[in-house]
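Here are the chains, one letter per residue:
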Amino acid sequence: MQPRPQSHSAALGPGCTGPSLANPTPLAFDQQRQVAQAPSCGAEAFAVDPAALANGQPRKHTTYPYVTGTSVLGITYKDGVLLASDTLGAYGSTKRYKSFDRLRKVNESCIVGAGGELSDFQYIMRLLEELSDDDFCMDDGHTLKPAEVHSYLCRVLYNRRNKMDPLWNSLVVGGFHAGKPFLGTVGMQGTNYTDAHVATGFGNHLARPLMREHHRPDMSEDEATALLHQCLKVCYYRDKNSINKFTIAKVSAEGVTISEPFALETEWRYKLFENPAANAAGAW
Amino acid sequence: MAGASQQGGFAFDLCKRNEFFEAKGVKHPGFTKTGTTIAGIIFKDGVVLGADTRSTAGTTVADKNCEKIHYIAPNIYCCGAGTAADTENVTGMVASQLELHRYATGAQSRVVTAMTLLKGHLFKYQGHVSAALVLGGVDFRGPHLFTVYPHGSTDSLPYCTMGSGSLNAMAVFESGYKDDLTREEAMDLVARAIRSGIMNDLGSGSNVDLCIITKDGVEYLRNHEYLQAKTYERQFPQKFASGSVPVVRERIYDIKKVVTVVEGEPMDMEA
């Protein structure tokens with residue numbers, strides 16, 4: 001019988017693949033991995049920079065992200081949690097993938113949204129799917145609670161950060177369990193907290209002030225959706241790497257719904273935007 | 001210093017010297033910055049400018065109630081973010097130049113004149129004069145609002161924010177701005193935007209200053225919102241209401257029985 005795929009190595013900790021009883025090898029004694037560029041998650045080494053394969057060069061891990069997502073917003077309301085984001089996977093300054101779902105369902109009581117490197121997000125979803133599959137196979141009626149998902153992701157991200165090979169993501173975990181909404185966030189270093197409203201990236205500067213002003217724990221779903229629309233609009237106006245195509249995910253006692261992508265009404269034709277140099281030659 | 005007087009323009013050799021020192025690990029002294037939220041909005045009849053009042057030196061608050069809205073002309077005011085010395089001196093310099101210009105021309109100063117003087121000066125110094133300004137005023141052509149960046153570029157906008165709290169304030173503006181605001185709506189929106197910067201940005205804080213400029217005049221509302229008030233203020237001298245302290249025991253002594261009062265010579269203080 002073939003061993004089932006494991007996304008965790010008991011020796012290397014959560015989020016690192018490898019032989020389950022792998023000994024974490026200190027840098028000086030590289031027995032299994034002769035090649036300097038082997039990633040610590042246990043995957044095959046691949047040559048990227050021939051010059052760096054020379055002996056004595058330090059191991060290089062993720063140094064910057066390539067295909068990125070921007071902010072994710074989350075708020076709790078009376079009966080659940082709403083997460084919102086746009087559907088863009090940007091490749092630097094290029095708006096390359098315009099239909100990327102950055103809000104994903106984990107199970108009937110939990111959703112996860114991610115900004116940052118999207119390939120790392122896909123890996124994180126694979127980890128969560130493996131855990132959900134284990135729960136399903138166990139068939140005892142228990143599924144991962146949102147707080148457990150949040151705690152698990154904190155450990156994964158912190159463990160990878162300690163290996164100097166981070167999963168380059170800012171995650172938002174939202175869920176509804178036992179009649180209470182849950183909302184938390186985890187950063188790429190493992191920084192995490194829970195709050196009534198969270199945002200990642202630009203959302204921290206643009207959306208969080210509006211949420212602090214308007215959020216109440218007993219908001220209705222319509223009020224919460226209106227507040228999220230306002231925040232999404234401001235993020236679209238002022239964040240360069242965003243598009244006018246959003247999704248909102250809802251978790252409540254009825255389960256998880258992720259909306260179809262929608263656009264918001266934007267205003268670009270204020271009177272004073274037209275002809276700014278009317279009274280000021282040389283201004284724009 | 002040799003180049004400056006002969007060739008004109010700015011000699012950058014001291015900047016090279018500073019870079020050399022930094023490369024060697026010598027830290028040059030920090031300067032007071034105004035980690036700031038400043039904002040301006042054009043409404044139907046004029047301009048409302050707003051600013052917070054916190055001035056920081058590194059991570060310490062240097063001045064809890066500084067003035068960031070600077071006078072340029074009777075009809076023009078300018079909010080400044082960036083290095084406090086740079087904003088104060090550059091706005092003071094342009095205010096002086098405009099006053100002399102008013103004596104020469106006998107006419108009211110125009111906002112574009114202030115903008116042109118500021119951007120020319122800042123561009124000449126290539127961004128080393130770290131002043132990010134929101135310039136607003138009303139002249140015979142109507143209300144104007146400009147942002148001036150440290151490198152010398154300008155924008156002409158109906159609403160703008162600058163400083164470390166600019167994104168927080170801009171979020172409020174983008175949600176609340178519409179064409180033809182009334183004076184009260186504009187004041188409320190600017191105050192909310194500055195408050196958003198104060199509450200959500202560590203570099204901004206304390207109180208909200210507002211300045212409303214119309215063709216009829218200027219209203220400078222210093223500390224329009226005083227958010228610094230402490231919940232508990234100690235009274236000086238402290239007064240305790242009688243009866244608030246329980247008396248356990250009372251004993252009255254007649255001191256005259258044990259003390260003798262003697263009149264004497266005043267002490268000689270000269271020695």
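Our subject is the structure that appears above.
Residues numbered from 1 in each chain as written. Chains lettered and ligands numbered in written order. Predicted model: local features only at pLDDT ≥ 70, side-chain atom pairs only at ≥ 80, totals over all residues. Heavy atoms only, no water.

Within a regular strand, side chains alternate between the sheet's two faces. Residues and elements named next belong to chain B. The buried count for strand β8 (residues 131-139) comes to 9 of 9 residues, which makes it a mostly enclosed element. Across the two faces of β8 the burial is the same, with A131, L133, L135, G137 and D139 and A132, V134, G136 and V138 all buried. Looking at chain direction, β8 and strand β9 (residues 142-148) are connected through 7 bridges and run antiparallel. Bridge assignment links V138 to a residue of β9, and that residue is P143. Remark: 2 residues form the turn of the hairpin made by β8 and β9, two consecutive strands paired antiparallel. (Buried < 20%, exposed > 50% of the residue type's maximum accessible area, 1.4 Å probe, protein only. Helix = DSSP H or I, 4+ residues; strand = E, 2+ residues; numbered from the N terminus. Pairing = 2+ DSSP bridges.)

Residue-level contacts link 27 residues of chain B with 24 residues of chain A. Summed over both partners, the interface of chain B with chain A buries about 2200 Å², with 54% contributed by carbon and sulfur atoms. Linking chain B with chain A are 3 salt bridges. With a closest N to O distance of 2.8 Å, B:E174 and A:R238 form a salt bridge. There are 7 residue pairs in polar contact (both at pLDDT 80 or more) connecting chain B and chain A. Looking at the side of chain B that touches chain A, the elements with two or more residues in it are α4 (111-124), β9, β10 (154-156), α5 (166-176) and α6 (183-200) of chain B. Counting residues per element, the side of chain B that touches chain A draws most heavily on α5(B), at 7 residues. (Contact = heavy atoms within 4.5 Å. Buried area = accessible area lost by both parts, 1.4 Å probe. Salt bridge = Lys/Arg side-chain N within 4 Å of Asp/Glu carboxyl O. Polar contact = N/O pair within 3.5 Å; in protein donor to acceptor, adjacent residues only side chain to side chain.)

Applying the stated criterion to the full structure yields 13 aromatic pairs over all chains. With centroids separated by 4.7 Å and ring planes inclined at 90°, the aromatic side chains of A:Y270 and B:Y177 adopt a geometry described as edge-to-face. Taken together, the residues A:Y270 in the segment after β13 (255-258) and B:Y177 in the loop between α5 and α6 connect one chain to another. Relative to B:F173, the ring of B:Y159 has its centre 6.0 Å away and its plane inclined at 75°; by these criteria the two rings are edge-to-face. Linking B:Y159 in strand β11 (residues 159-162) with B:F173 in helix α5, this pair joins segments that are 14 residues apart in sequence. Judged by its relative accessible area of 2%, B:Y159 is buried. Taking relative accessible area as the criterion, B:F173 reaches 0% and is therefore assigned buried. Ring pairs connect the aromatic residues A:Y270, A:F273, B:Y159, B:F173 and B:Y177, which therefore count as one cluster. A cation over a ring is seen here: A:R96 above A:Y91, with NZ or CZ 5.0 Å from the ring centre. (Phe/Tyr/Trp six-rings, centres within 6.5 Å; stacked < 30°, edge-to-face > 60°. Lys NZ or Arg CZ within 6 Å of the ring centre and 35° of its normal.)

α5(B) packs onto helix α3 (residues 203-214) of chain A with a crossing angle of 65° between their chain directions and a minimal axis gap of 8 Å. As α3(A) runs across α5(B), the sense of the crossing is right-handed. Counting all contacts with α3(A), which are made through A:N204, A:H205, A:L206, A:P209, A:L210 and A:E213, the residues of α5(B) involved are B:L167, B:N168, B:A171, B:V172 and B:S175. A class-by-class count of the residues in the contact of α3(A) with α5(B) yields 6 nonpolar, 4 polar and 1 charged. (Axes fitted to C-alpha atoms, helices over the stretch in contact; angles between N-to-C directions. Left-handed = near helix turned anticlockwise from the far one by under 90°. Nonpolar A, V, L, I, M, F, W, Y, C, P; charged D, E, K, R; others polar.)

It is worth spelling out the packing of helix α1 (residues 118-138) of chain A against helix α2 (residues 146-162) of chain A at this point. For any two helices packed against each other, one specifies the inter-axial angle together with the distance between the axes. Residue and element names in this part refer to chain A. In contact at an axis separation of 12 Å, α1 and α2 are set at 130° when each is read in the N-to-C sense. Considering their axes alone, α1 and α2 lie oblique with respect to each other. Both α1 and α2 take part in a crossing whose hand is right-handed. Along the contact surface, α1 presents Y123, I124, L127, L128 and L131, while α2 presents V149, Y152, L153, V156, L157 and R160. (Parallel < 35°, antiparallel > 145°, perpendicular 65-115°, else oblique.)

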